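Listed below, chain by chain, are the residues.
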Amino acid sequence: MTAKSISTSDRVLRKEIIGSRRFSNYLLVVVVNLGGVGFLLASLSSYLKVNFLPFADPTQLIFLPQGLVMGFYGVAALLLSLYLWLTILWNVGAGYNEFNKETGKVNIFRWGFPGKNRKIDISYPLEDIQSIRVEVKEGLNPKRAMYMRTKGRNPLPLSRVGQPIPLAELENEGAELARFLGVPLEGL
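Residues numbered from 1 in each chain as written. Predicted model: local features only at pLDDT ≥ 70, side-chain atom pairs only at ≥ 80, totals over all residues. Heavy atoms only, no water.

### Quick word on the layout of surface pockets
As a volume, the largest pocket reaches approximately 590 Å³. In this structure, the largest pocket is lined by 29 residues; those nearest its centre are Gly-93, Ser-159, Arg-160, Val-161 and Gly-162. Of all the elements in the fold, those that place two or more residues in the lining of the largest pocket are helix 2 (63-90), strand 4 (105-111), strand 5 (119-125), strand 7 (143-150) and strand 8 (156-157). Element by element, the count of residues in the lining of the largest pocket is highest for strand 7, at 4 residues. Residue composition of the lining of the largest pocket, by class: 16 nonpolar, 8 polar and 5 charged. When residues are assigned to domains, the lining of the largest pocket turns out to be shared by domain 1 (24-90) and domain 2 (93-186), each giving three or more. (1 Å grid on protein atoms, 1.4 Å probe; cavity = no way out; pocket = protein on both sides within 12 Å on 5 of 7 lines; lining within 4 Å. Points joined across faces, edges and corners; volume = space filled by probe spheres on them. Helix = DSSP H or I, 4+ residues; strand = E, 2+ residues; numbered from the N terminus. Nonpolar A, V, L, I, M, F, W, Y, C, P; charged D, E, K, R; others polar. Domains from an automatic or database assignment.)

### Some points on the domain arrangement of the chain
Split into domains, the chain comes out as domain 1 (24-90) and domain 2 (93-186). Between the C-alpha centres of domain 1 and domain 2 the distance comes to 40 Å. Taken together, the 4 residues of domain 1 in the interface contact 5 residues of domain 2. Where domain 1 abuts domain 2, roughly 360 Å² becomes buried across the two surfaces, and 63% of that area is made up of carbon and sulfur atoms. (Contact = heavy atoms within 4.5 Å. Buried area = accessible area lost by both parts, 1.4 Å probe.)

### A look at the sheet that holds strand 9 (residues 185-186)
In space, the 4 strands of this open sheet follow the order 8-7-6-9, with mixed pairing throughout. Strands with a single pairing partner mark the edges of an open sheet, and in this sheet they are strand 8 and strand 9. Alignment of strand 6 (residues 129-137) against strand 9, held across 2 bridges, turns out to be parallel. The partner of Ile-132 across the bridge, within strand 9, is Leu-185. Relative to strand 6, helix 3 (residues 167-181) is tilted by about 175°, and along the sheet it contacts strand 6, strand 7 and strand 9. (Pairing = 2+ DSSP bridges. Axes fitted to C-alpha atoms, helices over the stretch in contact; angles between N-to-C directions.)

### Quick look at the packing of helix 1 (residues 23-48) against helix 2
When two helices pack together, you describe them by how their axes are tilted relative to each other and by the distance separating the axes. Two elements in contact, helix 1 and helix 2, have axes whose closest approach is 7 Å; the angle formed by their N-to-C orientations is 155°. Considered as vectors, helix 1 and helix 2 are oriented roughly antiparallel to each other. Handedness of the helix 1/helix 2 crossing: left-handed. The residue makeup of the contact of helix 1 with helix 2, split by class, is 20 nonpolar, 9 polar and no charged. (Parallel < 35°, antiparallel > 145°, perpendicular 65-115°, else oblique. Left-handed = near helix turned anticlockwise from the far one by under 90°.)

### Side note on the pattern of salt bridges
Inspection of the entire model under this criterion finds 9 salt bridges. The salt bridge involving Glu-135 is made with Lys-137; its shortest N-O contact spans 3.9 Å. What makes Lys-137 partly exposed here is its relative accessible area of 47%. A salt bridge links Arg-144 to Glu-138; the nearest nitrogen and oxygen atoms lie 2.9 Å apart. (Salt bridge = Lys/Arg side-chain N within 4 Å of Asp/Glu carboxyl O. Buried < 20%, exposed > 50% of the residue type's maximum accessible area, 1.4 Å probe, protein only.)

### Observations concerning helix 1
Its 26 residues place the ends of helix 1 37 Å apart at the C-alpha level, agreeing with the 38 Å of an ideal helix rising 1.5 Å per residue. Along helix 1, the residues that are buried comprise Asn-25, Val-29, Val-32, Gly-36, Ala-42, Ser-43, Ser-45 and Ser-46. The inward-facing, buried residues of helix 1 abut helix 2. Lys-49, located one to two residues past helix 1, shows a positive phi value of around 60°. (Expected span 1.5 Å × (residues − 1).)

Pasting the structure below:
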């Protein structure tokens, strides 16, 4: 599920957005970690001529250039996995979209990387919303996203980043949001 609808009343619609704490990201970081440690151990085995891997014998590798390159790959993979772990820890991309008829505001909130822009909090008046647009591109790199079009501004993405959202779910969410806001639904 891409977003969880939490309606406190018929006047407020809030959708939670999943960030980087997804199963696929945990799986990816574990695989990158294991690969990085494997390459680093192979490099050390090549240099010290002591086998640190139970399933291979990298002591036969010549340290220059093969062992050194494997060490470089190992360090690069471990640095990448550190970045991925931090992204998961900080839950980058998580947040919510809140459409509040009581206050007349749309509030879009996302967590970013630590720093001065850690919290991304954007607010618009409801009367500035022109439409909800659904974009679907199939092919090798599919894209399924929902955008909010506002007066005088670029379209603002409302859906999560990452895996493509199932088409039926995207259509239902777009139709629900357009109905709630009383604006047209474009792109279908």
